[in-house]
Number of protein chains: 2
Amino acid sequence: MKRWSLLIFLLLYFRAAIAEDGYRLWLRYDKIVNSKLLYTYLNQVNTIYFPAGTPVLDAARQELLSGLEGLLDKKINTDNNASASSLLIFTKAHAPLNLPALALKYEDLGKEGFYINSTKRSIIITANTDTGILYGVFHFLRLLQTGQSLEHLDITSVPRIQHRILNHWDNLNRSVERGYAGISIWNWHTLPEYIDQRYIDYARANASIGINGTVLTNVNANALVLTKDYLLKVKALADVFRPYGIKVYLTARFSAPIEIGKLSTADPLNDTVKAWWNAKAKEIYQLIPDFGGFLVKANSEGQPGPQSYQRTHADGANMLADAVAPYGGIVMWRAFVYSNASPEDRFKQAYNEFKPLDGQFRANVLLQVKNGPIDFQPREPVSPLFGAMPKTPLMMEFQITQEYLGQSTQLVYEAPLFKEVLETDTYQGGKGATVARVIDGDLHHYPQTGIAGVANIGNDRNWTGHPFGQANWYAFGRLAWNYELSAAQIADEWIKQTFSCDTMLVATTQKIMLSSYEAMVNYMTPLGLHHIMGTGHHYGPAPWITNAGRPDWNPVYYHRADTVGLGFDRTASGSNALAQYAPGMQQRFMDVHTTPEAFLLWFHHVPWNFKMKSGRTLWEELCYRYNSGVAAAKVMQQQWNTLERRVDKERFKQVQMLLAIQVKEASWWRNACLLYFQTFSKMPIPRQYEQPDHTLEYYKGLHFPYAPGNG
Amino acid sequence: MKRWSLLIFLLLYFRAAIAEDGYRLWLRYDKIVNSKLLYTYLNQVNTIYFPAGTPVLDAARQELLSGLEGLLDKKINTDNNASASSLLIFTKAHAPLNLPALALKYEDLGKEGFYINSTKRSIIITANTDTGILYGVFHFLRLLQTGQSLEHLDITSVPRIQHRILNHWDNLNRSVERGYAGISIWNWHTLPEYIDQRYIDYARANASIGINGTVLTNVNANALVLTKDYLLKVKALADVFRPYGIKVYLTARFSAPIEIGKLSTADPLNDTVKAWWNAKAKEIYQLIPDFGGFLVKANSEGQPGPQSYQRTHADGANMLADAVAPYGGIVMWRAFVYSNASPEDRFKQAYNEFKPLDGQFRANVLLQVKNGPIDFQPREPVSPLFGAMPKTPLMMEFQITQEYLGQSTQLVYEAPLFKEVLETDTYQGGKGATVARVIDGDLHHYPQTGIAGVANIGNDRNWTGHPFGQANWYAFGRLAWNYELSAAQIADEWIKQTFSCDTMLVATTQKIMLSSYEAMVNYMTPLGLHHIMGTGHHYGPAPWITNAGRPDWNPVYYHRADTVGLGFDRTASGSNALAQYAPGMQQRFMDVHTTPEAFLLWFHHVPWNFKMKSGRTLWEELCYRYNSGVAAAKVMQQQWNTLERRVDKERFKQVQMLLAIQVKEASWWRNACLLYFQTFSKMPIPRQYEQPDHTLEYYKGLHFPYAPGNG
């Protein structure tokens, strides 16, 4: 008895000694607390048959064994004899003999899918490929981490989208544009010789959620990464990532032939330029045979591009596509362009530019489109390009890093945003043409499909700064694999893996997460307001700004507040951006009385006295929304406080401090925006609401010269 | 039996689960492996009498209890009854009654010293102050961590130097000038609300080695840190550090009255300027009553200063000193100045500037002098200022961050450098006037004494980038407390706390550390070469540079290689910098034949055929030294490889990769420098040595546009 109490003490002590600094992300593999469940699992996972010997299988096997050793608190034996094992893992080509027939068609699994089946006798994980096995193993570990039964498993899981990619806006000097979690995890200076353990753990984390590609460098690109010294560094990373099914991509600076190739032009139709890119592609593929390809931001916000030579985006993309095509590479060409010269509503510019080019791109080009027409605002209607380019594979570009969503100081769970976008019906060719069906190729039978997320990862101890930033990385990967998962389901999984399976903890944390997105929209940009944040760093409210570098960088360009009302008329009486949508979508937004209120001010200039569905006037509704956003943030804070004994001390305290900042920032947004808009509405803030604690001048006077993320 | 084996397994498992990512520094407190020793300690430390209740005592108590719980693997009880306890900790004012008389005079302990005494009956830690107790507790924990006997302890330990300070060259945007370990650990954006666990652990680490002050901001200063918003952030850090005996200091930008005060001048004799600084000091002290004071870099490398107003450095320093004097603050004025306009040997400029001002500074001003006359070169003779200003307290400024010492990719243990400087005899007023005796006030009875180290700390997981960078932070603190400790002794302590007490591990690692400094000097700048590194980033060799921004930024200014020979004549026939030293020192360096060869090229232009003590010519000796440096680096690598089973996997691999880089960089230095100097000597590299594997042009062509640390 004394011995057991010592044992328990030691266990507790050593557990306590593992500081929860967040580094392990959702791959924590701590011993399962529920002893009944643990006992069941131990009986079910006894001996493992898992022939390996390839880099990917070795990685999967090592993950499985170390994961099980942690979760089950026991070293699990492996056996070369399949019939003596209770957990069998094999690819189609290496299926053990004498296996009972499996109820699957391997052809359904494709190159990355897996199948998990359990009978009374054994559990089987199988796939066509090593990578499929890798994903199956991570899925299996997740079942245990989230406390699910291993009985009667019959799981067929195949990714809906082919290229599931993180975009790092990381510069070669390690600063990260729109990064709020320290600096870049790529330490270019010590590569290729020094392999940081982070590189390996980064690959593991991504593989566990199905991410299979990473663009290492910023879309505001630096040609230097294409020089030999840097390519050797890129190769070192590619070598680390390969066993985890992850391909590396680079951003290609369009003027690289001039900058590092010493040519006098970067004209995509010039033969010397083409030859230069062909040779560069060859050089890259000699080092990295499975190099993924290029991501390009061209003729946008100062980046060079084909238009500098009176060529089209298609000319530019196709030249690069031809260079990588012999090796199976792709080009992801960003649609985020808007002209400095054009007075056209910025909302409309990407569509105007790219829609006419449909059909002109090579088969290995994907057009990467931000979810909304402007720029990752808290809530945007979907880009009118989705569904409008049946002959050009459109990739989704989401932003995981919270540039406009509270940066590193706010808990905002993004899965509801991602889901809202993916489930939006574009009405292209009729009802049911969701963005998801555009992206996954179902609607237009794209030859390639892809989805990208701008990463929120940095060298902070916990990778993402805010501990809940990890959930957004996680959710992006899970939805890229299967967008039919619900936001609640993903939150549930993530919480269990990241904190614990404690019922109350899971329920409360899930509530916090699921309410956070709408709360943030309400206290920042309710009713369809957009782009009213501070200039440059994009931190905090600044709807009053009128002097930014170009007209469409100014908040006033977007909210158009005047004595009459508020909002941007994008109907036929205004910029008519609405006309870029399919008729069904136009219908949805055309009439100020029937437009969903969440999008109202995106499409209409609405009088301050306009009667809302609630019976309130627009002004009253604005006050109501801003206040309900702040109130929701306070509820999140209260909910978290109930979890003190259910979360480890470190992370409890961290999140508690951050939620206090969030409530402060939410109030700041509300106060500054209401005081400013009040100068137009001339109406009082109803007395039932908290009144601003400072003057408008005070809020206008706040400056943040060193706010992070300016790149 | 089965239970015990499970216990052992679990222990091993949980131990293994603690990834050695280096975050814990030397405060690891893992269970003592030597079971006999553990048993002895358990008997000796049974019950603790430790009345606390003040912030400092509470911090000390918590550290002691958690430290012992880790080391002894047992929760140790505390008791309010002194006579029932085996470990008694108390300040003089709270000594328990009926205590046997102690063999100490409390007045010898001063404000920070402590006394540890053990008898058969009990162990006592006592001090005059709470801070003394804090240091005593850390010392006691170190005894256990390093496996020392607790019998017959009779330790009186008092710091030799009063202000023991880290200087952070950290900018408000979190970049760190000459930082090679990520970005600044000060996250200004989330302060004051968010208290990173790092701030607390930083304070613990510093307190454990006796550091009692920290300058948070870069000497190339930004006035913004003196505005109210930032002062609130500084206060939050001061509040975290206070329980650990650490004061905060800030760098004062001399032009702050203009930049943030809207004055038209920063003339130190102007009454409005004085009033502005007085008010600023008052504002700071209202927030931070124990604020340490200011560090100032003035009229140096573009920084503003009193000379812009035809005032002296004394005028400037005294104005600031008067502002902080009422609150007990100090001003640390840097002597690192050299004029752009003056053609005078840079070596001489600080002395020329400051020596005439001796006696003109206020009592609360310290002059902070870099160890050598140039700039933290691998080996410099000591600054001629040491010993030359009897009426002005001179502080030492060492550079812990390895700007010129291999940055983050090389293992260079700096204690031998620090010791060499401190033990150097300045011969001021005769023999025995060591730099240490200048610094600690013994020689000139300074009213204040201080020592500063430019920190090598960043937000990397392990704080310092290179795992052995931690040893330099540690060594600086230990020597600041007691410079009589040997480099070997400090290495021994650090290794035991950081890795383990394994005899072979300690012996081998100590060998590596103790050989590293001389190895680095040999493969970078042997025989007194200096300042021949790359421009700007200071990474790698570039003795050929002739086009830097000003003459004395060029390597050729320093090495003066020509067809005759090599080196800078600083005797009477040259710049006569030697004349700034006391006669004894001049004697040492005057004659080319008797000058210690380690400093030869600092003071003499030596013919290529000059006969060295070894019998080799200068050229041959240069080849020999460069090669022996590389050879020594290779030996370090081999020695480390023997430790594979004695060091945790993570750090073994890390250091292994870094040593491979070090050998590569050492060879690069050798090859580039010898090829370059060969263009003057016209002599072959003797055949017994490895020949360069590239041409000089190749080495000249290497560029590192994104080498870290450029600030």
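Residues numbered from 1 in each chain as written. Chains lettered and ligands numbered in written order. Predicted model: local features only at pLDDT ≥ 70, side-chain atom pairs only at ≥ 80, totals over all residues. Heavy atoms only, no water.

A. Local environment of the overall build of chain A. A tally of helices and strands in chain A yields 21 helices and 16 strands. The dimensions of chain A, computed from C-alpha atoms along their principal axes, are 80 × 70 × 50 Å. Counting every position in chain A, which comprises 711 residues, the buried fraction comes to 65%. Excluding contacts between residues fewer than 6 apart, the proportion of contacts in chain A whose partners are at least 24 apart in sequence is 72%. Taken as a whole, chain A presents about 25300 Å² of accessible surface, with 52% of it coming from carbon and sulfur. Side-chain charges in chain A split into 68 positive and 63 negative, and the spacing between the mean points of these groups amounts to 3 Å. (Helix = DSSP H or I, 4+ residues; strand = E, 2+ residues; numbered from the N terminus. Buried < 20%, exposed > 50% of the residue type's maximum accessible area, 1.4 Å probe, protein only. Contact = heavy atoms within 4.5 Å. Areas by Shrake-Rupley, 256 points an atom, 1.4 Å probe, with all protein chains shown as cover. Lys, Arg positive; Asp, Glu negative; His and termini not counted. Charge placed at Lys NZ, Arg CZ, Asp CG, Glu CD.)

B. A look at the sheet that holds strand S4 (residues 114-118) of chain B. One open sheet accounts for 6 strands, arranged S2-S1-S3-S5-S4-S6 (chain B); its pairing is mixed. Both edges of this open sheet fall to strand S2 (77-78) and strand S6 (154-157) of chain B, since each of them pairs with a single strand only. (Pairing = 2+ DSSP bridges.)

C. Structural detail: the confidence of the model for chain A. Residues and elements named next belong to chain A. Per-residue pLDDT for chain A has a mean of 96; in total, 97% of the residues score no lower than 70. Counted against residues more than four places away or in other chains, residues 6-17, with its pLDDT under 50, gives 24 contacts. Predicted as a complex, the structure gets a pTM of 0.96 and an ipTM equal to 0.95. (pLDDT = per-residue confidence, 0-100.)

D. Expanded view of helix H13 (residues 469-481) of chain A. In this model, H13(A) (13 residues) spans 19 Å end to end at C-alpha, consistent with the 18 Å of a helix rising 1.5 Å per residue. For H13(A), a buried count of 13 out of 13 residues is recorded, marking the element as mostly surrounded by other parts of the structure. (Expected span 1.5 Å × (residues − 1).)

E. Region of the structure containing the sheet that holds strand S7 (residues 163-167) of chain B. All names here are of chain B. What the 8 strands build is a closed barrel, ordered S7-S8-S9-S10-S11-S12-S13-S14; its pairing is parallel. Each adjacent strand pair in this sheet contributes to an overall mean axis angle of 25 degrees, direction not counted. Inspection of the sheet shows strand S9 (residues 247-251) paired to strand S10 (residues 293-296) by 3 bridges, in the parallel sense. Bridging from a neighbouring strand, Tyr 249 pairs with Gly 293 of S10. Lying over the sheet, helix H6 (residues 228-241) contacts strand S8 (213-215) and S9, oriented at roughly 150 degrees with respect to S9. (Axes fitted to C-alpha atoms, helices over the stretch in contact; angles between N-to-C directions.)

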